[in-house]
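An overview of the molecular structure
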Amino acid sequence: MSHLSERPEKPVVGLPLPHESAGLHVTGAALYTDDLVHRTKDVLHAHPVQVMKAHGTITALRTGPALAVPGVVRVLTGADVPGVNDAGMKHDEPLFPDTVMFHGHAVAWVLAETLEAARLGAAAVEVELDEKPSVITLREAMAAGSFHGARPVMETGDVDAGFEDSAHVFSGEFQFSDQEHFYLETHAALAHVDENGQMFVQSSTQHPSETQEIVAHVLGLHSHEVTVQCLRMGGGFGGKEMQPHGFAAVAALGARLTGRPVRVRLTRTQDLTMSGKRHGFHATWRIGFDAEGRIQALDATLTADGGWSLDLSEPVVARALCHIDNTYWIPNARVTGRIAKTNKVSNTAFRGFGGPQGMLVIEDIMGRCAPLLGLDPVELRERNFYRQGDSTPYGQRVLHPERISTVWRQVKDDARVADRQAEISAFNAAHPHTKRALAITGIKFGISFNLTAFNQAGALVLVYKDGSVLINHGGTEMGQGLHTKMLQVAATTLGIPLPKVRLAPTRTDKVPNTSATAASAGADLNGAAVKNACEQIRERLLRVAGTQLGANASDVRIVDGVARVVGGDGELAWDDLVRTAYFQRVQLSAAGFYRTEGLHWDAKVFRGSPFKYFSYGAAAAEVEVDGFTGAYRIRRVDIVHDVGDSLSPMIDIGQVEGGFVQGAGWLTLEDLRWDAGDGPHRGRLLTQAASTYKLPSFSEMPEEFNVRLLENATEEGAVYGSKAVGEPPLMLAFSVREALRQAAAAFGPGGVSVELASPATPEAVYWAVESARGGDTPYGPPVALRTPGDGGEVPAEASAPIHA
């Protein structure tokens, strides 16, 4: 076992501990960015001047009326920017735009003594617009050829030959919805300038170093003149990876120009109308199977709705292409990606980062094609699992493919699938207007950033002479338990009790050049960096202990806060050891660093090994559907998920549960709607609140929810043998969607292929039920281009559920 993966005697990692801030969360004592306003004097409040048109050029911007509003101090416009008027890493997101690119685009910001005065001032600003034609839906963008960014192509094998060798060829089309992050805490920033002219920004950001970089270039400063701190976030889910930068820059610019602290905190409606979502996708596909139902070839085009600017759309599409295979070996594939440019908010990172979109395409294909092949969906999936020696379409060898089958087999056993399938069949036979179904789906999710350079992390660990320890790392806490795991890693590495260790807020003047807390890599990267720093200190202390105990340093172990000689009687308490080291002038601090090894990626040819490892999981979901309304309930879910050797099992099980529920929300409930008509409100987001945007709640939770972590699953080469847990569980919710498809199909004759929209709302399920019954429906099955006995291919296209 590698040094990084090996666990010492009596480790603190692996213990089921509560979240380190759980008590603060439930008592309301936890501080978030906007809470700091009440601890800061003379704060000015910022409010955006939003233009409620989808597209147009600004011909006049009159701020005078706003300045006449009592309490208004200043109006920020592009003329005030001393540096670069851009808040994006692609330099395509002007902070103060001359052209309105989406309904609700902020073109100026009003600063006032109170938030109400700022709101009234913003309403008084006069904006004249030369309105332009707008592109709102994915369909419109594709028809108009409105695209931007890279168009990657992933190819492997001989696709044409693969189709020639296929006994069955099907084609289809699929469009599925975007998703709102709906974190509890909206975007927020608080900026002030200290006596030395240093800009200090408190920001609810997943990427403090990039927020620092954007603030610096907007203000025309160097990075060492800007410090960004993130105490914690009330949720992020990827929505605070790129998009906080502009809001922080507005606060910083206001503070720079007025000399007073400036607060930016979006209302929920502002957050919904101004910030990006998960990318909605459109897919066209053609797939070939041999006579036994094994995939021979796949040809697909994935189009993402990028919104008005690129943001992170290019890497999102790249990851979608890298995950279209999911758990299945595809020997011949050609998959093309592209990004539609629409007049909507700029879509961004969201838990899974394109992986869910790519995996949804292949799972939808498998669910639609299984009945046409005369196979049970479980059997079709099993026949196509990766096996030892197989590689992905982009050329990475799939290590531990046996875990795909292991978690699958275990979830079948845990869920008593065979027995319950018989029970479901009996129930369905006795209930003509209510049907049940049980579906199993698996996941294979790659862990690492697409951009190789992001796979690095730093940490700063300080040991004080009383024996207490303070750790700083570059990861941010958004409720996912990263800080809890880092405390456990530090305590384990130093060999001391957990209460000895405290964690400081994440800030850029302690750990520089950090990567975003994203890609499920927060614990892998920062944990390894914390471990590295602690090991440096521990090695120094072992030498001191060896001298004090009359032994070689290599024979000394620190366990439970006591240094002992292996096989000997001497011991030295941790506090005494640290104090002795101090008086011997031994350095008691260290900067740790980690870089993920073994990664290589050529984005031009779309080949390489971009992931450190794959996470695996499987879920079995049972649903019940009402044939009159399409209403449904999730009766039971069983999950077996691979997190390696868990750093913190209670945290990890919570992440699996939460990820699954968020995935089920995306796939079944959360239906973003935009005004695509030609009226005056074209481009307006219609679902602007929780009253119109349906989020999963307790009533949507499975009635029985069983989650188990895969045992004996040490991951070689990862910190203490653990694996990532943040993103992969979200895709376990595919099982719910596939169960709904199968339940709808149960209303019709055997072997019917059912289309199912995404999100599979009760309305969508009702139409799927009607389709299965043979009623009128706007949807159609995949088109069979070739089956045994055909004379060749008949060009055809299938229609699909459209939710734009």
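Once that is clear, we can look at helix α12 (residues 402-414). Along its 13 residues, α12 runs 18 Å from first to last C-alpha, staying within 8% of the 18 Å computed at 1.5 Å per residue. Taken as a whole, α12 has its buried residues at R403, I404, T406, V407, W408 and V411. Residues of α12 that are buried sit in contact with α11 (377-383), α13 (417-430), β16 (434-447), β27 (613-626) and β28 (632-641). Taken from the residues just after α12, R416 is the one with a positive phi, measuring 50°.

So, on to the environment of S520. For S520, the position within the fold is in the loop between β20 (506-507) and α15 (522-549). Judged by its relative accessible area of 14%, S520 falls in the buried class. Measuring from C-alpha to C-alpha, the distance between S520 and F449 comes to 8.7 Å, with 71 residues separating the pair along the chain. Setting aside residues no more than four positions away along its own chain, S520 makes contact with I447, A724, G726, E727 and P728. Within the structure, the side chain of S520 is placed 2.7 Å from the side chain of E727, a separation counted as a polar contact.

A few words on the pairing of strand β24 (residues 589-595). On a regular strand, each side chain points to the face opposite its neighbour's, so the side chains alternate between the two faces of the sheet. The alternating pattern of β24 places A590, G592 and Y594 on a buried face, while none of S589, A591, F593 and R595, on the opposite face, is buried. Inspection of the sheet shows strand β17 (residues 456-463) paired to β24 by 7 bridges, in the antiparallel sense. By the bridge assignment for β24, G458 is matched with F593.

Within the largest apolar cluster, 107 residues are counted, with the highest numbers of intra-cluster contacts made by I287, F289, L302, V625, I639, F660 and L740. In terms of residue count, β27 provides more of this core than any other element does, 9 residues in total. Discounting residues that sit within four places of it in the chain, I287 has contacts with F163, H168, V169, F170, I295, A297, L298, I362, I365 and C369. Counting 51 residues, the second-largest nonpolar core is a separate cluster that includes V463, L487, A528 and L577.

Let us look at the packing of aromatic side chains. With the rule as written, the count across this model stands at 17 aromatic pairs. Seen in terms of ring centroids, F182 and Y693 are 6.3 Å apart; in terms of plane orientation they differ by 5°. Their pairing is stacked. In this pair, F182 is assigned in the loop between β8 (168-176) and β9 (188-193) and Y693 in the loop between α17 (649-668) and β29 (704-709), connecting sequence segments 511 residues apart. Judged by relative accessible area, which is 0%, Y693 ranks as buried. Ring geometry for F385 and W408: centres 5.0 Å apart, planes at 80°, overall edge-to-face. With a gap of 23 residues between them, F385 in the loop between α11 and α12 and W408 in helix α12 connect regions that are remote in the sequence. The two residues F385 and W408 agree in class, both being buried. For the cation-ring pair, R232 lies above Y32, with the distance from its terminal atom to the ring centre recorded as 5.8 Å.

Most of β16 is tucked away, with 14 of its 14 residues classed as buried. Because side chains alternate across β16, one face comprises the buried residues T434, R436, L438, I440, G442, K444 and G446, and the other comprises K435, A437, A439, T441, I443, F445 and I447, equally buried. In this sheet, β27 lies alongside β16 in antiparallel orientation, the contact comprising 14 bridges. Counted as the bridge partner of T441 is A619 from β27.

Closest axis-to-axis distance for the helix α6 (residues 208-219)/helix α7 (residues 244-258) pair is 9 Å, and the angle between their directions is 45°. One way to sum up the angle between α6 and α7 is to call them oblique. Two packed elements cross with a definite hand, and for α6 against α7 that hand is right-handed. Judged by residue contacts, E210, T211, I214, V215, V218 and L219 of α6 engage H245, A248, A249, A252, L253 and R256 from α7.

Turning our attention to the sheet that holds strand β3 (residues 72-76). Judged by pairing direction, the sheet is mixed, and its 8 strands sit side by side in the order β3-β5-β1-β12-β9-β10-β11-β20 without closing on themselves. Sheet topology places β3 and β20 at the edges, where each strand pairs with a single neighbour. In this structure, β3 lies alongside strand β5 (residues 105-112), joined through 4 bridges in antiparallel fashion. Within β5, the position partnered with V72 by the bridge is A112. Of the strands in this sheet, β1 (44-51), β3, β5 and β12 (262-265) touch helix α3 (residues 115-124), which is tilted by about 25° from β1. Relative to strand β11 (residues 226-230), α6 is tilted by about 145°, and along the sheet it contacts β10 (199-203), β11 and β20.

Conventions used here
- Residues numbered from 1 in each chain as written.
- Predicted model: local features only at pLDDT ≥ 70, side-chain atom pairs only at ≥ 80, totals over all residues.
- Heavy atoms only, no water.
- Helix = DSSP H or I, 4+ residues; strand = E, 2+ residues; numbered from the N terminus.
- Expected span 1.5 Å × (residues − 1).
- Buried < 20%, exposed > 50% of the residue type's maximum accessible area, 1.4 Å probe, protein only.
- Contact = heavy atoms within 4.5 Å.
- Polar contact = N/O pair within 3.5 Å; in protein donor to acceptor, adjacent residues only side chain to side chain.
- Pairing = 2+ DSSP bridges.
- Core = buried A, V, L, I, M, F, W, Y, C linked by side-chain atoms within 4.5 Å.
- Phe/Tyr/Trp six-rings, centres within 6.5 Å; stacked < 30°, edge-to-face > 60°.
- Lys NZ or Arg CZ within 6 Å of the ring centre and 35° of its normal.
- Axes fitted to C-alpha atoms, helices over the stretch in contact; angles between N-to-C directions.
- Parallel < 35°, antiparallel > 145°, perpendicular 65-115°, else oblique.
- Left-handed = near helix turned anticlockwise from the far one by under 90°.

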